[in-house]
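If you want the building blocks of each chain, they are given just below.
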Amino acid sequence: MGARWSARRVRSGRGPRAVLIDSPRGTRRIGSVSSYQSVFRQSLFAGQTVVVTGGGSGIGRCTAHELASLGAHVALVGRKPGKLEQVHQEITAAGGVAKGYPCDIREEDAVKKIVAAILEDAGRIDALVNNAGGQFPAPLESISQKGWETVVRTNLTGGFLMARECYTQCMKAKGGAIVNIIADMWQGMPGMGHSGAARAGMLNFTETAAFEWAPVRVNAVAPGWIASSGMDHYPPEMATHIRSLPRKSPAGRLGTESEVSAAIVFLLSPAAGFISGSCLRVDGAVPNAKRAFEPRGRTPAFDGFHLASTPKVLS
Ligand SMILES: NC(=O)c1ccc[n+]([C@@H]2O[C@H](COP(=O)([O-])OP(=O)(O)OC[C@H]3O[C@@H](n4cnc5c(N)ncnc54)[C@H](OP(=O)(O)O)[C@@H]3O)[C@@H](O)[C@H]2O)c1
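What counts and what doesn't
- Residues numbered from 1 in each chain as written.
- Predicted model: local features only at pLDDT ≥ 70, side-chain atom pairs only at ≥ 80, totals over all residues.
- Near = placed C-beta within 6 Å.
- Helix = DSSP H or I, 4+ residues; strand = E, 2+ residues; numbered from the N terminus.
- Nonpolar A, V, L, I, M, F, W, Y, C, P; charged D, E, K, R; others polar.
- Buried ≥ 20, exposed ≤ 12 C-beta atoms within 10 Å, placed from the backbone.
- Pairing = 2+ DSSP bridges.
- Core = buried A, V, L, I, M, F, W, Y, C linked by C-beta atoms within 7 Å.
- Contact = placed C-beta atoms within 7 Å.

Visitor: Give me the lowdown on the site of the ligand, citing residues and values where you can.
Guide: Near the ligand, the surroundings consist of 30 residues, among which Gly54, Gly58, Arg79, Gly133 and Gly230 are the closest. Of all the elements in the fold, those that place two or more residues in the shell around the ligand are α1 (58-69) and α4 (145-174). Tallying contributions element by element places α1 first for the shell around the ligand, with 3 residues. In the shell around the ligand, the residues fall into 9 nonpolar, 16 polar and 5 charged.

Visitor: Pulling in residues and values, what's your account of the pairing of strand β9 (residues 217-223)?
Guide: Burial analysis of β9 places 7 of its 7 residues in the buried class, which makes it a mostly covered element. Judged by which residues are buried, β9 turns out to be covered on both faces: Arg217, Asn219, Val221 and Pro223 on one side and Val218, Ala220 and Ala222 on the other are all buried. The pairing of strand β8 (residues 177-181) with β9 spans 5 bridges and is parallel. Opposite isoleucine 181, over in β9, you have valine 221 as the bridge partner. Here β9 runs beside strand β10 (residues 279-282); their pairing, made up of 4 bridges, is parallel. What sits directly across from alanine 222, in β10, is arginine 281.

Visitor: Could you give me a rundown of the nonpolar core, with the residues and numbers involved?
Guide: A general trend in soluble globular proteins is that nonpolar side chains are found buried together. Of all hydrophobic cores here, the largest spans 64 residues; its most connected members are Val51, Val74, Cys166 and Val221. At 9 residues, the largest contribution of residues to this core is made by α4. Those residues in contact with valine 221 that lie beyond four places of it in its chain are Val179, Ile181, Val260, Ala263, Ile264, Leu267, Leu280 and Val282.

Written out as structure tokens, the structure reads:
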């Protein structure tokens, strides 16, 4: 009995090389060696234009690759043209179609113009992945008005502007789907309260838009601790804390960019046709655990019960 499985690399048409697995049950194509290994059907988004904000790095870059591998034409939005050009070249090399549209999503006029430019090029926008975002760690008491407003504009106002323009300029007439990327901010976001407030606002916006803009579907994805480029933007003193996160997760690890992308792709797909106004958590159940903390003082207790007694175990 020799080895009965083998892998071959072949080129089909003008596309990139594909991997064919030969097995006793036949030959199976598992994708291209130089392209994304999605669990979704290859032509799922064929002919569709999808806008991915923050597509120049991290989760947005990964999602742009997956959508392009599934046939979408991807419009990459971000502030830095160099990052968008890099991802454009990566996607082109993998056989996909993408184009960069530099824009600061916090600027209303710029957002109006960039959405119009995408429509001018592509003719329609079928989906929006509202992923651009970011924040700086700071306790609430030290956040200035300027710092607060900057983070809220990035993570709430910018997402609203992108969604509103995609809706009014195209989706209102032609339909579509929107996924807003938020964060694990349930029960607060200690150390990043400005971002938590903005993300909670984005979830509420998602719920309102799902109703007002139906049949356009609007959902949210809330990533937890994801091993992405965003983690490198925190100050060096947070490195020890970041490295300890896998031990604090019920999954025993951080999430991958692909695991967030898969959730986004599912919500944009026809399989999610009856899902709108929802939020899909991609966090390995971290928020389900009670967080340990060091007490900084004691709150005064109220005890008005005249027959109260201390449980023996505590006395
Ligand atoms: N990684 C995690 O653990 C995690 C967890 C929860 C939520 N998230 C959220 O998921 C999203 C992606 O995170 P990531 O880890 O992939 O971070 P990332 O690599 O820092 O990506 C954020 C992207 O947003 C773009 N961006 C930021 N401000 C912008 C603005 N004003 N206008 C246009 N583009 C802007 C950045 O590009 P430019 O610099 O070129 O503008 C960048 O490409 C973010 O919203 C993040 O907060 C991440």
